[in-house]
Amino acid sequence: MLNRQGRPTQAGEASHEEHLTFTGNKALQQIEPLIFEIGHHETTGVDIEKPAPFKSRLGKHARQGEIGLPGLSEPEAMRHYVRLSQKNYGIDTGLFPLGSCTMKHNARLNEKMARLPGFSDVHPLQPLSTVPGALELMLELANYLMTLTGMPAVALSPKAGAHGEACGMMAIKAAIEAKGEGATRNVVLVPESAHGTNPATAALIGFSVKAVPARPDGTVAVEDVKALLGPDIAAIMLTNPNTCGIFEPQIVEIAAAMHEAGAYFYCDGANFNAIVGKARPGDLGVDAMHINLHKTFSTPHGGGGPGAGPVVLSERLAPFAPVPFIHVEDGGKLHLIESREEAPEGNKPFGRMTAFHGQMGMYVRALAYMLSHGSDGMRQASEDAVLNANYIRAGLADLMSLPFPDHPSMHEVLFDDEWLKGSGVSTLDFAKAMIDEGYHPMTVYFPLVVHGAMLIEPTESESKASLDLFIATLRDLAMAAKGNDKERFTSAPHHAPIRRLDETRAARQPVLKWEKPAPAKVAAE
Amino acid sequence: MRYLPLTDTDREDMLARVGVSDIDALFSDVPAGKLLKGPVDLPRARGEIEVERILGKMAGRNTAASAVPFFVGAGAYKHHVPATVDHLIQRSEFLTSYTPYQPEIAQGTLQYLFEFQTQVAALTGMEVANASMYDGSTGTGEAVLMAHRVTRRRKAVLSGGLHPHYTDVVKTLSEMANDEVVALKADVSANEDILSQIDDSVSCIVVQSPDVFGNLRDLKPIAEKAHAHGALLIAVFTEVISLGAVVPPGAEDADIVVGEGQSIGNALNFGGPYVGLFAAKSKYIRQMPGRLCGETVDSTGQRGFVLTLSTREQHIRRDKATSNICTNSGLCVLAFTIHMTLLGQSGLTRLAEVNHANAVKLADLLAGVKGVSVLNESFFNEFTVKLPKPAAEVVEALAEKGVLGGVPVSRLMPGAGLDDLLLVASTEVNTDDDRAAFAKALAEVL
């Protein structure tokens, strides 16, 4: 297919059966060229009046020559991006059972609230006297997070879960240094089953990482942790509920063992949504835990973010919380502490995680979600998420294999590929066949401790009818996979806007931006 | 509860199917005594009307930028965003999608990431760009770490013109990892002697242009000396629209370019979410942090896009990864890309011209106020003025008169002895009336 400049819009030759139509389009599944192929450097979709002549103050820094950015008129841009949107699956499209990532209903009320000019159209550095409501909102969100976790302090500013991990581990490092143990306590324990962000975070801030083995039942044993403890251990980074979807039964003993050894307990709170209103990390002995607002409190994560990763801190770590933070002055007036120099007595902020105050837009959405659910609704949401996961487990356990059958699943249920042995169908093939059925696949090949992992998280957003259809679909697919219908899987997806993509080629010959095709090259193709 | 689809009858049926008597049987791994008996001490569920009332009240206590003459910048800028942008990013398929782990049903996200990478590379004059960072400040921290990996050195030199919050983010990261940071003293005249800091022990020089005081900086001599000593030049910007008017850092031989993209497509949001732009020379792609989107083909030969070079990333390399980042700012990237597509080269150039023209007009006007002097020789849409009084007091007094008149330098750099300096930003949204109101109010409060 050629664009209006006569250039091909495809990198390779499409096969004939795929080209049933002259345009290559299939009704609503349309091939959409890049803006660089349809736009023009003179075209613009905004009307901005030319300024009256003035004397430039750019000096010798004025830009010369082309930038190389095409423009589209407003209708062209609208059509381009609407068409692109139609090539995406979202939680509003259907069930999105991405375990460990969590896709739950994104209430539009949250969007409406975040767009109130008093939140969206305020500058982080305008006088604090002109933003009392923004400070109040931050304090209110902090209170909700502290109450739900049973923790005495919170750092709001981290911009994503992994950023929150760094924040929590920095607070731990600062506390260790304050005790004069900075030179010796430099090893962090991380279970094999942990998110890759955990070891990466520990390494980022100068710790070395020691792995804790996983027990055959998918949990971490306090004896294994104790065997590794010594004066060099700074902390453990433990996910709870863990990445296998199991609540760590020995978590209280593990926390106690860490504290006894003079070390800290960092809890990866990615799966906090399983226990909101049911159990409080503060009661379990946690020293620091990040909360992914998008996972637990339903802020949208459109295609990879923005996230937000507030961190709750124990009494021992609270003084080290980074700036900025809200300080309630005598008389109840709210003040924002923006630098270490201004920190009130008793605070020893370890530094700053980001410019300004963090993800205000996400705070508003999360608080709107919390207010909407209330304490009763948040508790019910956790229970429903757990019930839904176990309902799927009950519906599939006779056909698909459970690596850890001895523990109830929390909000997500983990299968492995043992049941696919000999079928010639891989976990990835199975996932791609789900696409043909109109479902976003589950999380695949994670956690790494299980071979061919399939991690299904339905969340509380799904109705029983929706779960029943999902279970029936997976049962049908599972039986087909175990039967002789290998082709249905290995060449899936058949009904997506695009067929299976060559990821190896993308990595071996990286093409990371559009380049104007050389005329000779076009002719040769 | 309006968001929860299960009925009590459903719950009973499902518990029976699961084979447990009550829901708490599924929480049996929670240690004895740690399972809460009832809801925590927070208010019960509220309907839409009440949530709107509660949050509306809080929002109403804040002064919105569009409600007053507004000149606040210092790393975040008030610009006009076309209505189309916010409409499109709220399309369900964009808003409610996740990281594109299944590329066949995420081509919408992947294609706009590819378009974004191409736009950012073109804007900065660099060879490659990633699919965004959290924001400009954290991106700067990552750029320093990347320079350490490339050069195998661990000492960064930061210009005194770098936004102090950015400096603090770099310092926080570096202090934790026991890396060395030399942060030069703030110097509003931009005459700091950065060249003398460069030697064979330095991994990178970090310079912002326009700098935090608004000065446009000459990067080329710094790049030259850095390269002669095996160090990298990291060029930073906080106002991306400046790239429509000034020489891009790539043309001055920067090695890594990082900046804040909030100005294009994204609201002020009291500081976030924003979108970090990150570009580099292509020889460094395997050392870049964050996500990358690449072009490939499907099994029929049709072009498609995937996340790629994931062997740099935390989920593969764990403690050896280039960063711990596992997301980007997807939706903010989308807003950026759509707005940039609407602008195109001609629109961006015009927008930059209007920003600069408005700033020049404002600088001339303020310079005419008794006791006020403009300190910059060259600037884009932000400049520094010296006042006869502490700027923090002046800004409060202006706010009482209904003008948000800039950022006191003392708020960014407490204790630096620069209390009489005020950073003033102007964009396309300011009118002649706004400027006149500012100048009048300033004359009154001084």
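We now turn to the structure provided with this report. Positions within a chain are numbered from 1, following the residues in the order the chain's sequence is written. As a convention, the first chain written is A and the first ligand written is 1, with the rest following in written order. The predicted nature of this model means local features are confined to residues of pLDDT at least 70 and side-chain atom pairs, given and counted, to a pLDDT of 80 or more, with totals for whole chains, interfaces and linings taken over all residues. Values shown for side chains rest on all heavy atoms present in the structure; no hydrogens or waters enter the calculation.

**Topic: the overall build of chain A**
Thought 1: Each helix corresponds to a stretch of at least 4 residues labelled H or I by DSSP, and each strand to a stretch of at least 2 residues labelled E; elements are numbered beginning at the N terminus. Assigned secondary structure in chain A consists of 17 helices and 12 strands.
Thought 2: Our radius of gyration is a C-alpha quantity, and the globule rule it is checked against amounts to 2.2 Å times the number of residues to the power 0.38. Expected size for 525 residues packed as a compact globule is a radius of gyration near 24 Å; at 26 Å, chain A falls within 12% of this value.
Thought 3: Projected onto the principal axes, the alpha-carbon positions of chain A cover approximately 75 × 70 × 45 Å.
Thought 4: Residue exposure (1.4 Å probe, protein chains only): buried if accessible area is under 20% of the type maximum, exposed if over 50%, otherwise partly exposed. Taking all 525 residues of chain A together, the buried fraction comes to 66%.
Thought 5: Here the analysis covers contacts within chain A between residues at least 6 apart in sequence; of these, 70% occur between residues at least 24 apart.
Thought 6: Surface exposure here means Shrake-Rupley accessible area, sampled with a 1.4 Å probe, where a residue is shielded only by the protein chains that are shown. When the accessible surface of chain A is split by element, carbon and sulfur atoms take 52% of a total near 17700 Å².
Thought 7: Charge convention: Lys and Arg are scored as positive, Asp and Glu as negative, and His as well as the terminal groups of each chain are ignored. Charged side chains are reduced to one point each, which is NZ for Lys, CZ for Arg, CG for Asp and CD for Glu. A gap of 6 Å separates the mean positions of the 47 positive and 60 negative side-chain charges of chain A. Note on contacts: a residue pair qualifies if any of its non-hydrogen atoms lie within 4.5 Å across the two residues.

**Quick look at the environment of Leu 442 of chain B**
Residue and element names in this part refer to chain B.
Thought 1: Locating Leu 442 in the fold gives a position in helix α13 (residues 432–445).
Thought 2: For the pair Leu 442 and Val 354, spaced 88 residues apart in the sequence, the C-alpha separation amounts to 23 Å.
Thought 3: Once residues lying within four places of it in the same chain are set aside, the contact partners of Leu 442 are Leu 366, Val 369, Val 372, Leu 387, Val 394 and Leu 398.

**Some details on helix α11 (residues 391–400) of chain B**
All names here are of chain B.
Thought 1: Burial in α11 covers these residues: Ala 391, Val 394, Val 395, Leu 398 and Ala 399. Relative to the axis of α11, the buried residues are bounded by an arc of 135° and lie together on one face.
Thought 2: On its buried face, α11 sits against β12 (407–408), β13 (421–425) and α13.
Thought 3: Just beyond α11, the residue with positive phi is Gly 402, at close to 80°. Each C-beta atom gives one direction from the helix axis, and the arc is the one those directions make.

**Description of the pattern of salt bridges**
It is possible for side chains bearing opposite charge to pair when their charged atoms get close.
Thought 1: Any Lys or Arg side-chain nitrogen located within 4 Å of an Asp or Glu carboxyl oxygen qualifies as a salt bridge. Under the criterion given, the structure shown has 46 salt bridges over all chains.
Thought 2: Notably, a salt bridge pairs Arg 61 of chain B with Glu 136 of chain A, separated by 2.4 Å at the nearest N-O pair. One end of the pair, Arg 61 of chain B, is in the loop between α2 (48–60) and α3 (83–89); the other, Glu 136 of chain A, is in helix α5 (residues 132–149), on a second chain.
Thought 3: The exposure class assigned to Arg 61 of chain B is partly exposed, which follows from its relative accessible area of 44%.
Thought 4: With a closest N to O distance of 2.6 Å, Arg 154 of chain B and Asp 179 of chain B form a salt bridge. A residue pair is termed long-range when its members are at least 10 positions apart, and Arg 154 of chain B in the loop between α6 (136–151) and β2 (155–158) and Asp 179 of chain B in the loop between α7 (164–176) and β3 (180–183) qualify at 25 residues.

**Observations concerning the side chain of Glu 382 of chain B**
Residues and elements named next belong to chain B.
Thought 1: Take Glu 382: it is sitting in strand β11 (residues 382–386).
Thought 2: Put simply, Glu 382 is tucked away with no salt bridge, and the nearest opposite charge, on Arg 411, sits 12 Å away.
Thought 3: Counting of polar contacts relies on pairs of N or O atoms within 3.5 Å, with two restrictions inside protein: one atom must be capable of donating a hydrogen and the other of accepting it, and residues adjacent in sequence are counted only when both atoms are side-chain atoms. A polar contact is formed between the side chain of Glu 382 and the side chain of Tyr 77, at a distance of 2.4 Å.

**Focus: the nonpolar core**
The nonpolar side chains of a soluble globular protein tend to be buried with one another.
Thought 1: Core analysis: the largest hydrophobic core is formed by 129 residues, its most contacted members being Leu 145, Phe 297, Met 370 and Phe 430 of chain A together with Leu 55 of chain B.
Thought 2: If one sorts the elements of this core by residue count, helix α12 (residues 360–396) of chain A sits on top with 17 residues. The term nonpolar core refers to a set of buried residues drawn from Ala, Val, Leu, Ile, Met, Phe, Trp, Tyr and Cys, joined through side-chain atoms within 4.5 Å.

**Quick notes on the sheet that holds β12 of chain B**
Residues and elements named next belong to chain B.
Thought 1: Strand order in this open sheet of four strands is β10-β11-β13-β12, and the pairing throughout is antiparallel. One side of each edge strand has no neighbouring strand; the edge strands of this open sheet are β10 (373–374) and β12.
Thought 2: If DSSP finds at least two bridges between two strands, the strands pair. Across five bridges, the pairing between β11 and β13 is antiparallel. Each residue of the ladder has a partner; that of Lys 386, found in β13, is Leu 421.
Thought 3: This element, helix α10 (residues 330–367), spans β10, β11 and β13 of the sheet and lies at about 5° to β11. Axis lines are fitted to C-alpha atoms, over the contacting stretch for helices. Their N-to-C directions set the angle, which ranges from 0 to 180 degrees.

**Some points on unusual backbone geometry**
Thought 1: Residue Pro 210 of chain B is bonded to the preceding Ser 209 of chain B through a cis peptide linkage, with omega at -10°.
Thought 2: Structurally, Pro 210 of chain B can be placed in the loop between β4 (204–208) and α8 (220–228).
Thought 3: Geometrically, the link from Gly 272 of chain B to Pro 273 of chain B is a cis peptide bond, its omega value of 5° lying close to zero.
Thought 4: Looking at the secondary structure, you find Pro 273 of chain B in the loop between β6 (256–260) and β7 (276–280).
Thought 5: Positive phi, normally seen in glycine, also occurs at Thr 102 of chain A, with a value near 70°.
Thought 6: Relative to the assigned elements, Thr 102 of chain A resides in the loop between α2 (74–85) and α3 (108–114).
Thought 7: Positive phi, normally seen in glycine, also occurs at Tyr 445 of chain A, with a value near 60°.
Thought 8: Under the relative-accessibility criterion, Tyr 445 of chain A is labelled partly exposed at 37%.

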